[in-house]
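Observations on the three-dimensional arrangement
Residues per chain are reported as follows:
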Amino acid sequence: MPRYFTDEHEWIDVEGDAATVGITEYAQDQLGDIVFVELPTVGDEVEKGKEAAVVESVKAASDVYAPISGEVTEINAALEDEPGLVNSSPEDDGWFFRANVADKGELEGLMDEDAYKEFLANL
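Since we're looking at a predicted model, the values are computed, not measured. (Residues numbered from 1 in each chain as written. Predicted model: local features only at pLDDT ≥ 70, side-chain atom pairs only at ≥ 80, totals over all residues. Heavy atoms only, no water.)

**Quick look at the sheet that holds strand 5 (residues 45-46)**
Selection rule: Should DSSP find at least two bridges between two strands, the strands are regarded as paired. Secondary structure elements follow DSSP: runs of H or I no shorter than four residues count as helices, runs of E no shorter than two count as strands, and numbering proceeds from the N terminus.
Here six strands make up an open sheet; going across it, the order is 1-2-3-9-8-5 and the pairing antiparallel. Edge positions in the open sheet fall to strand 1 (3-5) and strand 5, since each of these has one partner strand only. With three bridges connecting them, strand 8 (residues 70-75) and strand 9 (residues 97-100) associate as antiparallel partners. Residue pairing for strand 9: Val72 is matched across the bridge by Ala99.

**Description of the nonpolar core**
The following threshold applies: As used here, the term nonpolar core means buried Ala, Val, Leu, Ile, Met, Phe, Trp, Tyr and Cys residues forming a set that is joined through side-chain atoms within 4.5 Å. With a 1.4 Å probe rolled over the protein chains alone, any residue whose accessible area is under 20% of its type maximum counts as buried; one over 50% counts as exposed, and the rest are partly exposed.
Counting 28 residues, the largest nonpolar core has Ile12, Val37, Phe96 and Phe97 as the members making the most contacts within it. For this core, the elements supplying multiple residues, two or more each, are strand 2 (10-15), strand 3 (18-23), helix 1 (25-31), strand 4 (34-38), strand 6 (51-57), strand 8, helix 3 (85-88) and strand 9. Judged by nonpolar contacts, the second largest core, of five residues, contains Trp11, Trp95, Met111 and Tyr116.

Structure follows, in structure tokens:
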């Protein structure tokens, strides 16, 4: 399944018409210890580039932006009780939500892993 990245440090795994979204290890590292995650609600419509979730760390609160538009089909409810999953596994167990992909054309312009690594190297 292909993984894409945004310049706001979200990742998205796409499988068919379904997408899983979270924040990258770089984002988690910049935020520090995550202590709270505010997730969207199942059934919410998220819009590409708009706020979809919020993470709070010991350093700051930060918005998480939707890398694509679509309807939220599932949230990672484990984060409500264990926001630390984002610290220990930001690109696996610490995923935020799943959504359907409303327009696959929105995936254009997102970075693949190599492009994201190059992007990070230039920060």
